[in-house]
Amino acid sequence: MLSNQLRELIKTYPDFPKQGILFRDISPVLTNPKIYGMLIERMASDLIFQDCDALIAIDARGFLLGSSIALKVFKPLLLARKPGKLPGNLIKKSYDLEYGSNSLSIQKDSLKPYNTFAIVDDLLATGGTAKCVSNILKSTGKKISGLSIVIELSEFNAKASFDFPVSSQIQY
């Protein structure tokens, strides 16, 4: 079963990036082409990708998943980047994490051709990054078909705060 294989591969690093945080690292999944391929197949089969015009992946591990899924479902991929990484006219929003704060930017012109987006990232904890992307999209009148993630940290119950479906492959 894929979820068991993912649990075996995903590493947990205590106290990273700061004291009290358990960092879940998907890097070992990426080094296993068989499991990574199975993960992409499973994620790409979610209905949220049928109901979207484009995908938007969150910096940085979301890019690895989003690019593979976008190829699989044959849909455009846009990027939500951290500060200072994108040129042009940007829409920028700040957000809080369980261990700090940051901001994300999306190129305004890249959004114009599309109305409905599926958001892709590696992990959902408090939901700060996904909410940030959601707020950017909604501020421009766009819709969200759902959020696709590998890992959901259930203790935070972040998916309850979204008004769109959240699909995770494993929960901790």
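Please refer to the structure placed before this passage.
S.K.: Any chance you could explain the nonpolar core here in plain terms?
M.R.: Proteins that are soluble and globular tend to have nonpolar side chains buried together. In this structure, Leu6, Ile10, Phe49, Leu55, Leu65 and Ile69 are the most contacted members of the largest nonpolar core, which totals 26 residues. For this core, the leading source of residues is helix H3 (residues 33-44), giving six residues. With residues up to four places along the chain from it excluded, the contact list for Ile69 reads Ile40, Met43, Ala44, Phe49, Leu55 and Val120. Counting residues in each nonpolar core, the second largest holds 25 residues, with Ala80, Leu104, Phe117 and Ala158 among its members.

S.K.: So what exactly am I meant to see when it comes to unusual backbone geometry here?
M.R.: It is generally the case that most residues other than glycine have a negative phi and that most peptide bonds are trans. Note that the residue after Phe16, namely Pro17, is joined by a cis bond; omega there is 5°. Topologically, Pro17 is positioned in the loop between strand S1 (11-14) and strand S2 (22-25). Here Asp59 and Ala60 are connected by a cis peptide whose omega angle stands at 0°. As for its position among the elements, Ala60 is in the loop between strand S3 (54-58) and helix H4 (61-73). With a phi angle near 55°, Phe74 is a residue other than glycine that sits in the positive phi range. Looking at Phe74, the relative accessible area reads 76%, which means it is exposed. Even without being a glycine, Asn157 presents a positive backbone phi close to 50°. Residue placement: Asn157 occurs in the loop between strand S9 (143-152) and strand S10 (166-171).

Thresholds applied
Residues numbered from 1 in each chain as written. Predicted model: local features only at pLDDT ≥ 70, side-chain atom pairs only at ≥ 80, totals over all residues. Heavy atoms only, no water. Core = buried A, V, L, I, M, F, W, Y, C linked by side-chain atoms within 4.5 Å. Buried < 20%, exposed > 50% of the residue type's maximum accessible area, 1.4 Å probe, protein only. Helix = DSSP H or I, 4+ residues; strand = E, 2+ residues; numbered from the N terminus. Contact = heavy atoms within 4.5 Å.

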